[in-house]
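The residues making up each chain are set out below.
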Amino acid sequence: KNEVEQSPQNLTAQEGEFITINCSYSVGISALHWLQQHPGGGIVSLFMLSSGKKKHGRLIATINIQEKHSSLHITASHPRDSAVYICAVEKASYGKLTFGQGTILTVHP
Amino acid sequence: EPEVTQTPSHQVTQMGQEVILRCVPISNHLYFYWYRQILGQKVEFLVSFYNNEISEKSEIFDDQFSVERPDGSNFTLKIRSTKLEDSAMYFCASRLTGYGAFFGQGTRLTVV
């Protein structure tokens, strides 16, 4: 069984829509990471969080440690947000990241 | 903005050959990692490196693989006797205390 599960696997939206991507994990963690992977393959770190909520621009990440669940929200989505969004957990501080399978987001104009 | 640099961006090698993938992490970072992503699959951990030694390695990271930080700036992954199933995108990452990981753009390794 995967330690990190994301849903949905694929998500299509119209420009301007509010988007939510979910991540559930089954292990104890020191932090959870949200990352973005573009078609060229490069990976960019969006958020690292161990409790509560973080916001950066139109992106919001939340985590519920008791429920072992995190969400990534994108407000006012734009075609340039189209990418793969990946949830990854860090069990030990500065240890390896264990990745989810990613959510492919496509935003149409 | 500081970045992790990986070279080459794409390497094609014959099965059985040795390859060295190179990474220059961000200069004041302390933790270094190699990950790989086989086409269509999720990213998987290979090895982590801290304080000039391996801190953790995955089951994948067997005797075929080795890492070095020879000069305090470069961080290399050597794959000996490559196999077809080693074809993947290899990512280097580095971290500083209190921050998330910075990833390089990856090296696409194709074994033919």
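Look up: the structure comes first, before these words.
Presented here is an overview of the structure given in this document. Everything numeric in this text was worked out from a predicted model, so none of it was measured. (Residues numbered from 1 in each chain as written. Chains lettered and ligands numbered in written order. Predicted model: local features only at pLDDT ≥ 70, side-chain atom pairs only at ≥ 80, totals over all residues. Heavy atoms only, no water.)

Moving on, we get to the interface of chain A and chain B. The extent of an interface is frequently quoted as the accessible surface area lost upon association of the parts. Taken together, the contact pairs 18 residues of chain A with 20 residues of chain B. Together chain A and chain B conceal approximately 1600 Å² of surface at their shared face, both sides included; 58% is due to carbon and sulfur atoms. It is Ile43, Tyr94 and Phe99 of chain A that lose the most area in chain A upon contact with chain B, and together they represent 42% of the buried surface on that side. The tally of links from chain A across to chain B stands at 2 salt bridges. One salt bridge connects glutamate 56 of chain B with lysine 96 of chain A, and the closest N-O pair in it is separated by 3.7 Å. Taken together, the connections running from chain A to chain B amount to 6 residue pairs in polar contact (both at pLDDT 80 or more). Counting residues per element, the ones that place at least two in the side of chain A that touches chain B are β4 (31-37), β5 (43-49) and β10 (97-99) of chain A. (Contact = heavy atoms within 4.5 Å. Buried area = accessible area lost by both parts, 1.4 Å probe. Salt bridge = Lys/Arg side-chain N within 4 Å of Asp/Glu carboxyl O. Polar contact = N/O pair within 3.5 Å; in protein donor to acceptor, adjacent residues only side chain to side chain. Helix = DSSP H or I, 4+ residues; strand = E, 2+ residues; numbered from the N terminus.)

With omega at -10°, the peptide bond leading from serine 7 of chain A into proline 8 of chain A counts as cis. Mapped onto the elements, proline 8 of chain A comes out in the loop between β1 (4-7) and β2 (10-14). Residue alanine 76 of chain A is not a glycine yet carries a positive backbone phi of 50°. Even without a glycine there, the phi angle at asparagine 51 of chain B is positive, about 55°. You can see asparagine 51 of chain B is positioned in the loop between β5 (44-50) and β6 (53-57).

What the rule picks out here adds up to 6 salt bridges over all chains. A salt bridge links aspartate 81 of chain A to arginine 58 of chain A; the shortest N-O distance between them is 2.9 Å. In this pair, aspartate 81 of chain A sits in the loop between β8 (69-74) and β9 (83-90) while arginine 58 of chain A sits in the loop between β6 (52-56) and β7 (59-64), placing the two residues 23 residues apart along the sequence. Owing to a relative accessible area of 7%, aspartate 81 of chain A belongs among the buried residues under this scheme. The residue glutamate 90 of chain A makes a salt bridge to arginine 95 of chain B at a minimum N-O spacing of 2.9 Å. Here arginine 95 of chain B lies in strand β9 (residues 88-95) and glutamate 90 of chain A lies in strand β9, a pairing that spans two chains. Glutamate 90 of chain A sits in the buried class, given a relative accessible area of 3%. (Buried < 20%, exposed > 50% of the residue type's maximum accessible area, 1.4 Å probe, protein only.)

Turning next to the packing of aromatic side chains. Under the criterion given, the structure shown has 12 aromatic pairs over all chains. Taking the centre distance of 5.8 Å and the plane angle of 65° together, the rings of tyrosine 35 of chain B and phenylalanine 45 of chain B count as edge-to-face. Pair noted here: tyrosine 35 of chain B is in strand β4 (residues 31-37) and phenylalanine 45 of chain B is in strand β5, with a separation of 10 residues, a long-range link. Per residue, the accessibility class of tyrosine 35 of chain B equals that of phenylalanine 45 of chain B, and both read buried. Judged by centre distance (5.7 Å) and plane angle (25°), the rings of phenylalanine 61 of chain B and phenylalanine 65 of chain B are stacked. Accessibility assignment for this pair places phenylalanine 61 of chain B and phenylalanine 65 of chain B in one class, buried. An aromatic cluster is defined as three or more aromatic residues linked by ring pairs; in this entry it consists of Phe99 of chain A together with Tyr33, Tyr35, Phe45, Phe91 and Phe103 of chain B. (Phe/Tyr/Trp six-rings, centres within 6.5 Å; stacked < 30°, edge-to-face > 60°.)

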